[in-house]
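A look at the structure
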Amino acid sequence: MRITPLLLKDGYKVGHKFQYPDGTTLVYSNLTPRKSRNKEISEIVFFGLQYFIKEYLQRQFHEGFFNLPKEAAIRTYQRRIDNYLGKDSITFDHIAALHDLGYLPLEIKAIPEGTLVPMRVPVLTIRNTHPDFFWLTNMLETVMSAILWKPCTSATTAFQYLCTFHRYAAETVGADTSFIPWQGHDFSFRGMSGIEDAVMSGAAHLLSFTGTDTIPAIDFLEEYYQANSDEELVGGSVAATEHSVMCMGTQTDELATFRRLIDKVYPTGIVSIVSDTWDFWQVITDFLPALKNEILARNGKVVIRPDSGDPVKIIVGDPSAPAGSPAHKGAIACMWETFGGTITSQGYKLLDPHIGLIYGDSITLERQQDILEGLKQNGFASYNVVLGIGSFTYEYVTRDSYGFAMKATYGEVNGEGREIFKDPKTDDGTKKSAKGLMQVYRNEETGKLELKDQCSWEEEAQGELVTVYRDGKLIVDFSLADIRQRVIGQAAFSEKEIAVAG
């Protein structure tokens, strides 16, 4: 779907160029997460700006506007607005002038992508660089907000999973963190709000993990973030069945389906087998013991995948189930009884490497915590499970989850600077904006980013906000490797903070 990029805005933006005071030459705005609706999360992971710049400010504006004949570009815009607001409701000289200029006269300064940014600290600022095009700055508010809030939100969610995996690995496994990138697996694709949403969110997941079923997220990171799957692990998965495969093998011959999969179809390597098609506990207590010798003889791992019921009870055990029953013990304890394993340096049981478990249905942050804590309490290491993260987690969010908003705080009229702000008396403080020019700096004592507003231009030029885009050109081009290093380093640092606090 291709839409003229100048039309990627709310309808009321059309007339704002004519509403600013005469003599306006500069509009300076910012995008800020204003309020977390999750009391346990006070920082977001910034991600997605480079995609927005390359895809929208560069490719779409060039292909859909600047590279078109001037008359055709203006005619397309004028037709839509005349039909929308009424013929001759506005003039179009400013659109013609922009086409004549041939580029977007804007400067965007931003925090490095992958950085943890506290609430009420801007992730970026944007201003016009040519006095005639002051109206461009906030015209882009709609599309910038629509594109950027979701990858930031999904990157923040994935980071929360990552921190929890790190904490339990440290407590139950030891110093080895090599399995963590595979412990969170993206299962969200089919439940997302369209392809772009799924791919942006899937790419955000891959900042913290490597496990994914959202294949085009890998293409996204190669296209927009210098990733190269020939030279680095961007994202991956394993051979896996679905219920149609198991059903086609028939219920009476289910054991034979398991045997065929592990002996003939996948005699080596990792294979994940959905195991709740009929009776999950029969698979755990009958089929796995019957297949024990074949599984242990394979050069690879058989991964059992339950897919229904309460994941905490299925994995860890159900205290309300009859004592001694498989349901009471939980899947991991039953699999340990069959296959055994090793004891980690931290003193916890880790299943034999030929067998494992993945659960990808209804895994929330709360359930992740309950599963890993339940395993720990039962003497099992966190590396016994991989957890799938689906659309319930990645899609049940909104722009208001972290209160993302783009607002102007400074302008110039007839050469005079004006600090502008909003502070509604009917608001709880969420919508109270900063004032004037902005500097983001890192507090030397806490290590956290903080905001200084009402700055001079000299102060604004310093700090953590750096120019990433100016006058049509991308100035800074981050790679996936850069961003991952930043994200994972912050996850490890967060766990050190938790350990010290504890």
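Residues numbered from 1 in each chain as written. Predicted model: local features only at pLDDT ≥ 70, side-chain atom pairs only at ≥ 80, totals over all residues. Heavy atoms only, no water.

Put simply, the test is: UniProt positions are given in the numbering used here, feature names are shortened, and annotations may be inferred rather than shown by experiment.
The name an unreviewed UniProt entry gives the protein is Nicotinamide phosphoribosyltransferase, with Flavihumibacter petaseus NBRC 106054 as the organism. Looking at the protein in UniProt, the text filed under Catalytic activity (unreviewed entry) is "beta-nicotinamide D-ribonucleotide + diphosphate = 5-phospho-alpha-D-ribose 1-diphosphate + nicotinamide + H(+)". Turning to the protein, the UniProt record has this under Sequence similarities (unreviewed entry): "Belongs to the NAPRTase family."

Observations concerning a negative patch on the surface
Convention followed: A patch consists of residues whose relative accessible area exceeds 30% and which take part in no salt bridge; residues with like charges are grouped when within 9 Å of each other, and nonpolar side chains (Val, Leu, Ile, Met, Phe, Trp, Tyr) when within 5 Å. Each accessible area is a Shrake-Rupley estimate made with a 1.4 Å probe; only the visible protein chains count as cover when residues are assessed. Salt bridges are counted wherever a side-chain nitrogen of Lys or Arg sits within 4 Å of a carboxyl oxygen of Asp or Glu. The sign given to each residue is positive for Lys and Arg and negative for Asp and Glu; His and the chain ends receive no count. Charged groups are reduced to one reference atom each: NZ for lysine, CZ for arginine, CG for aspartic acid, CD for glutamic acid. Here a strand is any run of E in DSSP of at least two residues, a helix any run of H or I of at least four, and the numbering for each starts at the N terminus.
Together, Asp-219, Glu-222, Glu-223, Asp-230 and Glu-231 make up a negatively charged patch on the protein surface. Of note, Glu-231 is situated in the loop between helix H8 (216-224) and strand S8 (239-240).

Some details on the UniProt feature "domain: Nicotinamide phosphoribosyltransferase N-terminal" (unreviewed entry) in the protein
Here, the residues flagged by UniProt with the feature "domain: Nicotinamide phosphoribosyltransferase N-terminal" (unreviewed entry) are residues 6-107. Secondary structure across residues 6-107 divides into 42% helix and 15% strand, with the first and last C-alpha atoms of the span separated by 18 Å.

Concerning helix H3 (residues 93-101)
Definition in use: Only protein chains enter the calculation, and the probe is 1.4 Å; a residue is then buried if its accessible area is under 20% of its type maximum, exposed if over 50%, and partly exposed in between. Any two residues having at least one pair of non-hydrogen atoms within 4.5 Å are treated as being in contact.
His-94, Ile-95, Ala-96, Leu-98 and His-99 are the residues of H3 that are buried. Packed against the buried residues of H3 are helix H1 (49-66), helix H2 (70-85) and helix H4 (136-139). At the exit of H3 stands Gly-102, carrying a positive phi of roughly 90 degrees.

So, the sheet that holds strand S15 (residues 404-413)
Rule in force here: One requirement defines pairing of two strands: DSSP has to find at least two bridges between them. For helices, the axis comes from a line fit to the C-alpha atoms of the stretch in contact; other axes are also lines fit to C-alpha atoms, and the angle between any two N-to-C directions lies between 0 and 180 degrees.
Spatially, S16-S15-S1-S5-S3-S19-S20 is the arrangement adopted by the 7 strands of the open sheet, whose pairing is antiparallel. Sheet topology places strand S16 (416-419) and strand S20 (473-474) at the edges, where each strand pairs with a single neighbour. Of the pairings in the sheet, the one linking strand S19 (residues 466-470) to S20 comprises 2 bridges and is antiparallel in character. Pairing of Arg-470 across the sheet is with Lys-473, part of S20. Of the strands in this sheet, strand S3 (106-110), strand S5 (124-128), S19 and S20 are in contact with H1, which crosses S19 at around 20 degrees. Strand contacts of helix H5 (residues 141-172): strand S1 (24-33), S5 and S15, with the helix running at about 140 degrees to S15, the strand carrying the most contacts.

Observations concerning the packing of helix H11 (residues 280-297) against helix H14 (residues 331-339)
Just so we agree on the cut-off: Two helices that cross are described as forming a left-handed crossing if the nearer one is turned anticlockwise from the farther one by less than a right angle, and a right-handed crossing if clockwise.
Between H11 and H14, the least distance of the axes is 10 Å, while the angle of their chain directions is 30 degrees. In terms of crossing hand, the pair formed by H11 and H14 is right-handed. On the side of H11, the interface is formed by Phe-280, Trp-281, Ile-284, Leu-288, Pro-289, Lys-292, Ile-295 and Leu-296, while H14 contributes Ala-331, Cys-334, Met-335, Thr-338 and Phe-339.

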